[in-house]
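Spelled out from the first residue to the last, the chains are:
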Amino acid sequence: MSTVRHFLEVDDLSSGELTRVLDLADAPPASTLLAGSGAVFLFEKPSARTRASVELATFQLGGHPVSLRNEEVGIDTRESAQDLARLFSGMGRLIGARVFEHDKLERLAGAASVPVVNLLSDDAHPIQTLADLLTVRHEFGRLDGLRIAYIGDANNVARSLAIGCNLAGATCCVSSPPGYEFSDADLARIAESGPAPEVFDDPADAVAGAQVVYTDAWYSMGQEDEMAARRAAFADWRVDDALLTGSDPEVIFLHCLPAHRGDEATDEVLDGPASRIWAQAHNRLHTARGLFTFLVGDRSGEAW
Ligand code: CP
Ligand code: NVA
């Protein structure tokens, strides 16, 4: 008998299941999996890549996507997260949500009878990590033993990446400005999945010997009023060609996007020979499809 599986953080998958999802991302679509049905996606925050990729992934699996902005849905204002889960569980085969507070996802999942997928919360962005890891695997043919350096804000993207590295056997090396590092609670959460990230004061030390250098915006959605203070604090954490010089000669550069060009990364890096940001963005489609296939598909009899 199959039980409902949710994907709120990367380690909702085992290491073997993560590999399976990445394999499914590389496989042709199971084009009838969602036939006659579809998925419902809720957005409390803006989105370009995530919305397009989950909608198109649903289409590629034979289903119809329904995306709703929070002005229409009002999670916990017009209707509770739990009641929305009960509603949409009877309509689609999967629910996705992009929210501010992570506990909304947990309450959606607690009441849903179909899989709930985190499309980004203030705490985590695991569906992004799937595309990140697939991009790295395409480049190097493996994930284990690689050094993946994250430079900048220790945010939702960084937390999920660190957990993904643990599941994949990669080492996550992090450098963040004072005041913007992983909290003790973050480190404890990451430690549930494996080793603590290697933390460096100097970004040059974090990227030394790294095969992957990754950054994200200095201010996330909802932090726009902190822009000036953050730009001052993060000025020495910009990824430029000089920083990449100390990394592995085969280094690739990743960014979840959207980029604030000239802030967290220079145009030379974003558009340079090490950059794989567009392959990474396009892999959002393939990994969303792989994840949905895994979550909705019949897993009975398979041991991953
Ligand atoms: N990386 C990412 O999630 O992009 P969007 O915010 O455009 O969906
Ligand atoms: N850390 C960013 C990621 C955007 C995809 C944010 O939360 O806004």
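Peer 1: Before we go on, may I ask you to explain the site of ligand 1 in this structure?
Peer 2: Around ligand 1, a shell composed of Ser47, Ala48, Arg49, Thr50, Arg98, His125, Gln128, Cys256, Leu257 and Arg284 is seen. A distance of 2.8 Å separates an oxygen atom of ligand 1 from a polar side-chain atom of arginine 98. One of the side-chain nitrogen or oxygen atoms of glutamine 128 is found 2.9 Å away from a nitrogen atom of ligand 1. Coverage of ligand 1 by the protein amounts to 95% of the 250 Å² it exposes when considered alone. Cavity membership is defined here by more than half of the atoms lying within 2 Å of grid points; on that basis ligand 1 lies in the largest pocket. Its residues assigned to classes, the shell around ligand 1 comprises three nonpolar, four polar and three charged.

Peer 1: Hey, could you run me through helix 2 (residues 49-60) in this one?
Peer 2: Three- or four-residue spacings in an α-helix give side chains the same orientation, since the helix completes a turn every 3.6 residues. Between its first and last C-alpha atoms helix 2 spans 16 Å; for twelve residues at 1.5 Å apiece the expected length is 16 Å, and the two agree. Buried positions along helix 2 lie against strand 1 (38-43), strand 2 (64-69), strand 3 (94-98), helix 6 (126-140) and helix 13 (277-296). Just downstream of helix 2, glycine 62 is the residue with a positive phi angle, here 90 degrees.

Peer 1: It is not clear to me how the sheet that holds strand 3 should be interpreted in this structure. Could you clarify?
Peer 2: Two pairing modes exist for strands in a sheet, parallel and antiparallel, and in both the strands are linked by backbone hydrogen bonds. Read across the open sheet, the four strands follow the order 2-1-3-4; overall the sheet is parallel. Unpaired on one side and paired on the other, strand 2 and strand 4 (116-118) mark the two borders of the sheet. The mean inter-strand angle of the sheet, taken between neighbouring strand axes irrespective of direction, is 20 degrees. As judged from the three bridges shared by strand 3 and strand 4, these two strands associate in the parallel manner. Looking at the pairing, alanine 97 lines up with asparagine 118 of strand 4.

Peer 1: Mind showing me how you'd approach a negative patch on the surface here?
Peer 2: Residues Glu181, Asp201, Asp202 and Asp205 make up a contiguous surface patch of negative charge. Position of aspartate 205 relative to the elements: it lies in helix 9 (residues 203-207). A residue is classified by how much of its surface remains accessible, and aspartate 205, at 44% relative accessible area, is partly exposed.

Peer 1: When you look at the site of ligand 2 in this model, what are you seeing that I'm missing?
Peer 2: Around ligand 2, the neighbouring residues are Leu120, Asn155, Asn156, Val157, Asp216, Ser220, Met221 and Leu257. Contact distances for ligand 2 include 2.8 Å between an oxygen atom and a side-chain N or O atom of asparagine 156. Taking methionine 221, its main chain carries an N or O atom lying 2.8 Å from an oxygen atom of ligand 2. Contact with the protein chains hides 94% of the accessible area of ligand 2, taken as 270 Å² for the molecule alone.

Peer 1: Looking at this structure, I do not really get the state of the cysteines. What am I missing?
Peer 2: The bond known as a disulfide is covalent and runs between the sulfur atoms of two cysteines. Applying the stated criterion to the full structure yields zero disulfides. The thiol of cysteine 256 is not disulfide-bonded; the next cysteine sulfur, from cysteine 172, is found 14 Å away. Its relative accessible area of 6% is what places cysteine 256 among the buried residues.

Peer 1: I keep staring at the nonpolar core and nothing clicks. Help me out?
Peer 2: As a rule of thumb, soluble globular proteins bury nonpolar side chains together. Of all hydrophobic cores here, the largest spans 53 residues; its most connected members are Val117, Leu291 and Phe292. Counting residues per element, this core draws most heavily on helix 7 (residues 156-168), at eight residues. Apart from the residues within four sequence positions on either side, leucine 291 is in contact with Phe7, Val21, Val117, Ile127 and Leu130. Membership of the second largest hydrophobic core comes to 20 residues, among which are Val207, Val239, Ala274 and Ile277.

Definitions and limits used
Residues numbered from 1 in each chain as written. Chains lettered and ligands numbered in written order. Predicted model: local features only at pLDDT ≥ 70, side-chain atom pairs only at ≥ 80, totals over all residues. Heavy atoms only, no water. Near = heavy atom within 4 Å. Polar contact = N/O pair within 3.5 Å; in protein donor to acceptor, adjacent residues only side chain to side chain. Areas by Shrake-Rupley, 256 points an atom, 1.4 Å probe, with all protein chains shown as cover. 1 Å grid on protein atoms, 1.4 Å probe; cavity = no way out; pocket = protein on both sides within 12 Å on 5 of 7 lines; lining within 4 Å. Sits in = over half its atoms within 2 Å of the grid points. Nonpolar A, V, L, I, M, F, W, Y, C, P; charged D, E, K, R; others polar. Helix = DSSP H or I, 4+ residues; strand = E, 2+ residues; numbered from the N terminus. Expected span 1.5 Å × (residues − 1). Contact = heavy atoms within 4.5 Å. Pairing = 2+ DSSP bridges. Axes fitted to C-alpha atoms, helices over the stretch in contact; angles between N-to-C directions. Patch = residues over 30% accessible without salt bridge, like charges linked within 9 Å, V, L, I, M, F, W, Y side chains within 5 Å. Salt bridge = Lys/Arg side-chain N within 4 Å of Asp/Glu carboxyl O. Lys, Arg positive; Asp, Glu negative; His and termini not counted. Charge placed at Lys NZ, Arg CZ, Asp CG, Glu CD. Buried < 20%, exposed > 50% of the residue type's maximum accessible area, 1.4 Å probe, protein only. Disulfide = S-S within 2.5 Å. Core = buried A, V, L, I, M, F, W, Y, C linked by side-chain atoms within 4.5 Å.

Function cannot be read off these values alone, since they describe shape.
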